[in-house]
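Breakdown of the fold
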Amino acid sequence: MNGERVLVTGGGGFIGSNLANSLAVDNDVVVVDDGYLGTPANVREDVEYVERSVVEDELPTDVDVVFHLAALSSYAMHEDDPTHGARVNVEGFVNTVEQARDDGCDTVVYASTSSIYGSRTEPSPEAMDVTVNTGYEASKMARETYAEYFQNHYDLSLAGMRFFSVYQGYGGAEEHKGEYANVIAQFADDMAHGEAPVLYGDGTQTRDFTHVEDIVRGLEQAADHELNGVYNLGTGEAYDFLTVVDLLNDELGTDIDPEFVENPIPEDVYVHDTCADYAKINDATGWEPQIDFEAGIERVCQQYN
């Protein structure tokens with residue numbers, strides 16, 4: 001993208017600020033964030049920062065492209081208040097797209113989730129059957145359904161990105177998320193300070209850990225190609241939490257055993273394993289992950305070494 005005016009909702013947060021800062025090199029970028037998981041400190045000075053909720057009127061949607069990343073982004077956030085979760089994640093999405101459409105914007109790229117695939121050790125293609133076990137998953141599926149409506153009824157371009165386990169580490173914008181940060185960031189910070197990382201269950205659960213820089217490239221390419229439909233953004237490789245701890249010990253020069261605790265999330269809704277099939281986005285744009293996992297772990301640990 002070059003020379004465009006772009007809106008990033010949730011742009012003060014982890015993924016949103018990384019995207020906004022990348023886009024701001026060659027584009028005019030405005031960010032909307034309500035301050036819950038975002039902060040102006042995460043974005044460049046030349047990014048216009050508007051502190052507002054996506055459920056409000058008069059959003060700055062007079063843009064060429066909208067990246068809608070604003071969301072309550074975890075199981076816990078939704079189960080604490082399902083109505084509020086639906087309002088932010090579903091109503092906020094519809095409200096933002098409607099205002100953008102009224103202002104003449106016809107390209108939207110938005111955040112969905114890989115959680116709807118459930119637990120799978122094999123790579124999950126977009127065409128497979130999906131299921132909804134939590135309010136968080138329901139809200140992202142609702143986004144995908146409304147996106148299909150906007151595409152079919154108004155001929156807008158809407159691309160839903162099903163993120164897998166996105167990480168960067170506390171050396172980047174992820175620190176502001178605190179307890180909601182990716183486990184890699186939390187484990188690394190605990191271990192760097194001599195504390196045991198806390199693992200749910202026996203630590204054999206796996207994730208397709210995808211570095212945020214790869215995610216940002218995927219989002220930008222989806223907008224460049226004005227994609228429609230849903231697309232996976234993940235690496236196609238999965239690592240269990242025990243391996244994550246071992247790699248962090250190697251990189252940090254520590255020798256810390258994890259602490260195992262009972263999983264507070266019910267087993268029937270907990271996603272134990274994830275792995276992406278990214279063939280669809282690769283076919284559409286040429287996107288593929290560029291940061292392998294060991295290099296990503298090294299980046300996470302740089303601030304401590």
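Provided above is the structure to which this section pertains.
Conventions adopted
Residues numbered from 1 in each chain as written. Predicted model: local features only at pLDDT ≥ 70, side-chain atom pairs only at ≥ 80, totals over all residues. Heavy atoms only, no water. Helix = DSSP H or I, 4+ residues; strand = E, 2+ residues; numbered from the N terminus. Expected span 1.5 Å × (residues − 1). Bend = angle between axes of the 7 residues up to and from the residue. Buried < 20%, exposed > 50% of the residue type's maximum accessible area, 1.4 Å probe, protein only. Contact = heavy atoms within 4.5 Å. Pairing = 2+ DSSP bridges. Axes fitted to C-alpha atoms, helices over the stretch in contact; angles between N-to-C directions. Core = buried A, V, L, I, M, F, W, Y, C linked by side-chain atoms within 4.5 Å.

1. Quick look at helix H3 (residues 82-102)
- Along its 21 residues, H3 runs 29 Å from first to last C-alpha, staying within 8% of the 30 Å computed at 1.5 Å per residue.
- The largest bend along H3 reaches roughly 30° and is located at Gly92.
- Those residues of H3 that fall on the buried side of the exposure criterion are Gly85, Val88, Asn89, Val90, Gly92, Phe93, Asn95, Thr96, Val97, Gln99 and Ala100.
- Buried-residue contacts for H3 involve strand S1 (5-9), strand S4 (65-68), helix H2 (75-80), strand S5 (107-113), helix H4 (135-154) and strand S6 (157-163).
- Remark: Gly104 follows H3 within two positions and exhibits a positive phi of approximately 90°.

2. Some thoughts on the sheet that holds strand S3 (residues 48-51)
- The strand order S3-S2-S1-S4-S5-S6-S11 describes an open sheet built from seven strands, whose pairing is parallel. Bordering the open sheet on either side are S3 and strand S11 (229-233), each of which pairs with just one other strand. Across the sheet, the axes of successive neighbouring strands diverge by a mean angle of 20°, strand direction being ignored.
- Relative to the sheet, H4 contacts S4, S5, S6 and S11, its axis offset from that of S5 by approximately 155°.
- Those strands touched by helix H6 (residues 212-224) are S4, S5, S6 and S11, and its axis lies near 165° from that of S6.

3. Describing the nonpolar core
- By size, the foremost hydrophobic cluster in this structure holds 33 residues, and its most contacted members are Val8, Ile15, Phe67, Met161, Phe163 and Leu219.
- Of all the elements in the fold, those that place two or more residues in this core are S1, helix H1 (14-23), strand S2 (28-33), S4, S5, S6, H6 and S11.
- When residues of this core are assigned to their parent elements, the largest contribution, six residues, is made by H6.
- Ignoring sequence-local partners within four residues, the contact set of Leu219 consists of Ile15, Leu19, Phe67, Leu69, Val109, Met161, Phe163 and Leu233.

4. Observations regarding the environment of Val88
- Residue position: Val88 is located in helix H3.
- For Val88, a relative accessible area of 12% translates into the label buried.
- As for Val88 and Glu144, which are separated by 56 residues in sequence, their C-alpha atoms are 15 Å apart.
- Setting aside residues no more than four positions away along its own chain, Val88 makes contact with Val54, Val55, Ala71, Leu72 and Phe93.

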